[in-house]
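Coordinate analysis (summary)
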Amino acid sequence: MKTRVRFAPSPTGHLHVGGARTALFNYLFAKKTGGTFVLRIEDTDELRSSEESIKSIFDSMRWLDLKWDEGTMPDLSEKGDFGPYMQSKRESLGIYKKYAEQLLREGKAYYCYCAAEELDAMRKKAQLEKRPPKYEGKCRHLSSGQIEEFRKQGRKPVIRFRMPDDGQTVFEDMIHEHVKFENKLLYDFIMVKASGYPTYNFACVIDDYLMEMSHIIRGDDHISNTPLQLNVYKALGWEPPRHAHLSMILGQDGTRLSKRHGATSITEYQKQGFLPETMKNYLALLGWGNSDSQDIFKKGELEEKFDISGCQKNSAAFDPVKLKWMNGEYIRQLSKEELFAAAEPYLKGFGLVLDKSNPFHLDIVAIEQEKYKLLSEVGGLVDFFFKDVKYDESAINKTLKAPNTEAILNGIKRVYSEISEFNDVTIEAKTREFAASNGFKNGQVFHPVRVSVSGRTQGPTLFKMLEYLGKEKVINRIDKALRLLQ
RNA sequence: GGCCCCAUCGUCUAGCGGCCUAGGACGCCGCCCUCUCAAGGCGGAGAUCACGGGUUCGAAUCCCGUUGGGGCCGCCA
């Protein structure tokens, strides 16, 4: 049987790292097994779902290069033979109603007229009395007379699933292996809301079945929903798919990942200057590993090496420090052109409008490639090539105020003005010659020159930097530094 | 409170009964390279494999219990 998996986000916000990881693992599993990756939108929460969220989720998925074969597409069109793929559109197909009625008819589901407030009160009371806050099945045995009475009052019922009273629900999770629940501890969950919309646990089963899903790969937080859903499959006489429950992603302090820990959505990481390849690679490593403990994967390699048996049972802490390191690794692998293209959107924030067809611009952006950890920091490191120098206070005090600086700068300025081929090799040779013949240590010359032209004590390799700056700017800036010393 | 899941360096992980005096990666420390900062190279510290019992000739690996952490218990998904 061909594998079919799905990622089924509910569009109530941006794509979070947890969701992205679930999507990624489904995608990788589909790739690895030659299966189909489906995207379904679970928007049965009329209040919280928004089209804006759908768009944002799609943007993040595309950014991460997680392409799906079937489902709701970015332009909201539908692709595939099992549509529609948006639950709100599936409602009108009447499928949820159809199967709910079947269960009703067979006595496997029943109408419940309990008011929401009533249920709330019961739950609170149960909590207080330290009893499990589960629905006790009050409406299980309503007589037709009682139902008639409620109807006359105009009360809208919900439909509840009748859970078996005894026995066990057992499943073989692909990650957790045996998972066992006592049916008597499960509860009669609501399948259809008073509004007529299906709830998650019901819609999920119907859709997964009709869409012919072979495997359900989702977060650990769904593990206790699984026995509920499995019982619906059973009641309908359907063969359930295989389940794999992925461990949770936690913050650095071991608690559930939240705003408190910093960025939680993929969009935010994109804005911060991470490469999509980095995110994909890093996310794959959370809760998964292969026997080589490999941590950097080349393009396409994850798709090849992913194996669900390498999934970790225990939760994983999200480590932004390692993420940054990895981004540096990926940035270093980029060609000049790729780096420029990746960094360009972030350059504008520094007021830099550069041109990719200008080889100098390409070189300058790449001059500190081995140092970049975030694309967003490139502009701040190369801006002085294009804008006026701003002298860093501590650089002035530390370097320009060193003894002999004035003489050195005056001397080197004269040397530079006589160079006709202003390239790094010549500049370096002349600079070293100047230092040697005047009895200065190299550093005594190099450092003040660096500060004069860049305003900083740290920066790119000196002579390349001078070359790219050009003779005129270099001399002007040395003059400027000299004026500071007056 | 009930149920479920989980437990290897600070973190991500390798390990599936002898190869483990537990390997790799991030981070940290030191040295080298060097025009600064990085990058790179080399080396180091860091895990009584949560704890306690079994099983076994032998356990990080299997079983039981304890403790700790997480999840779920919605007309949210």
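Here the structure is a predicted model, which means the values were calculated and not measured.

1. Some words on the pairing of strand S10 (residues 215-219)
- For S10, a buried count of five out of five residues is recorded, marking the element as mostly surrounded by other parts of the structure.
- Judged from the five bridges that link them, S10 and strand S11 (residues 242-246) form a sheet pairing that is parallel. The residue bridging Ile216 from the neighbouring strand is His243, located in S11.
- In this region the chain leaves S10, passes through helix H8 (residues 226-236) and returns to the parallel neighbour S11; the handedness of that crossover is right-handed.

2. Quick look at the environment of Phe274
- Position of Phe274 relative to the elements: it lies in the loop between helix H9 (266-272) and helix H10 (276-284).
- Phe274 sits 137 residues away from Gly411 along the chain, and the two C-alpha atoms are 44 Å apart.

3. Considering the domain arrangement of chain A
- Under the domain assignment used here, chain A contains domain 1 (4-91 + 250-317), domain 2 (94-246), domain 3 (334-385) and domain 4 (393-485).
- Centre-to-centre separation of domain 1 and domain 3, based on C-alpha positions: 29 Å.
- Residue-level contacts link six residues of domain 1 with six residues of domain 3.
- Overall, the association of domain 1 and domain 3 removes approximately 450 Å² of surface from exposure, summing both partners, and the carbon and sulfur fraction of that is 62%.
- A per-residue breakdown of the area domain 1 buries against domain 3 is headed by Gln272, Gly273 and Leu275, which together make up 72% of the total.
- Remark: the boundary between domain 1 and domain 3 carries zero salt bridges.
- Connecting domain 1 to domain 3 are three residue pairs in polar contact (both at pLDDT 80 or more).
- Partitioned by chemical class, the residues of the side of domain 1 that touches domain 3 number two nonpolar, three polar and one charged.

4. Focus: the sheet that holds strand S3 (residues 70-72)
- On the basis of which strands lie adjacent, the open sheet formed by four strands has the order S1-S2-S3-S4 and mixed pairing. Only two strands of the sheet have a single partner each, and these edge strands are strand S1 (4-7) and strand S4 (78-79).
- The strands that helix H1 (residues 17-33) touches are S1 and strand S2 (36-39); relative to S1, the one it contacts most, it runs at about 165 degrees.

5. Looking at the protein's contact with RNA strand B
- Lining the immediate environment of RNA strand B, one finds 66 residues, of which Gly287, Ser293, Lys371, Phe446 and Thr461 sit closest.
- The sugar and phosphate moieties of RNA strand B supply 74% of its atoms located within 4 Å of the protein.
- Within the side chain of Glu42, one N or O atom sits 3.1 Å away from a sugar or linking oxygen of RNA strand B.
- At 2.9 Å from a phosphate oxygen of RNA strand B is found a side-chain nitrogen or oxygen belonging to Lys193.
- Of all the secondary structure elements, the ones that give two or more residues to the surface near RNA strand B are helix H5 (116-128), strand S8 (177-182), strand S13 (316-317), helix H12 (320-332) and helix H19 (442-454).
- Counting residues per element, the surface near RNA strand B draws most heavily on H12, which supplies five residues.

6. As for H12
- An ideal rise of 1.5 Å per residue puts 18 Å on 13 residues; H12 measures up with 18 Å between its terminal C-alpha atoms.
- Inspection of H12 places Leu323, Met326, Asn327, Gly328, Tyr330 and Ile331 among the buried residues, and these make up the whole buried set.
- Residues of H12 that are buried in the fold lie against H9, H10 and helix H13 (336-347).
- Two or three places before Val321, at the start of H12, stands the capping residue Asp319, its side-chain oxygen 3.0 Å from that residue's backbone nitrogen.

Procedures and definitions
Residues numbered from 1 in each chain as written. Chains lettered and ligands numbered in written order. Predicted model: local features only at pLDDT ≥ 70, side-chain atom pairs only at ≥ 80, totals over all residues. Heavy atoms only, no water. Buried < 20%, exposed > 50% of the residue type's maximum accessible area, 1.4 Å probe, protein only. Helix = DSSP H or I, 4+ residues; strand = E, 2+ residues; numbered from the N terminus. Pairing = 2+ DSSP bridges. Right-handed = clockwise from strand over helix to strand, strands pointing away. Domains from an automatic or database assignment. Contact = heavy atoms within 4.5 Å. Buried area = accessible area lost by both parts, 1.4 Å probe. Salt bridge = Lys/Arg side-chain N within 4 Å of Asp/Glu carboxyl O. Polar contact = N/O pair within 3.5 Å; in protein donor to acceptor, adjacent residues only side chain to side chain. Nonpolar A, V, L, I, M, F, W, Y, C, P; charged D, E, K, R; others polar. Axes fitted to C-alpha atoms, helices over the stretch in contact; angles between N-to-C directions. Near = heavy atom within 4 Å. Expected span 1.5 Å × (residues − 1).

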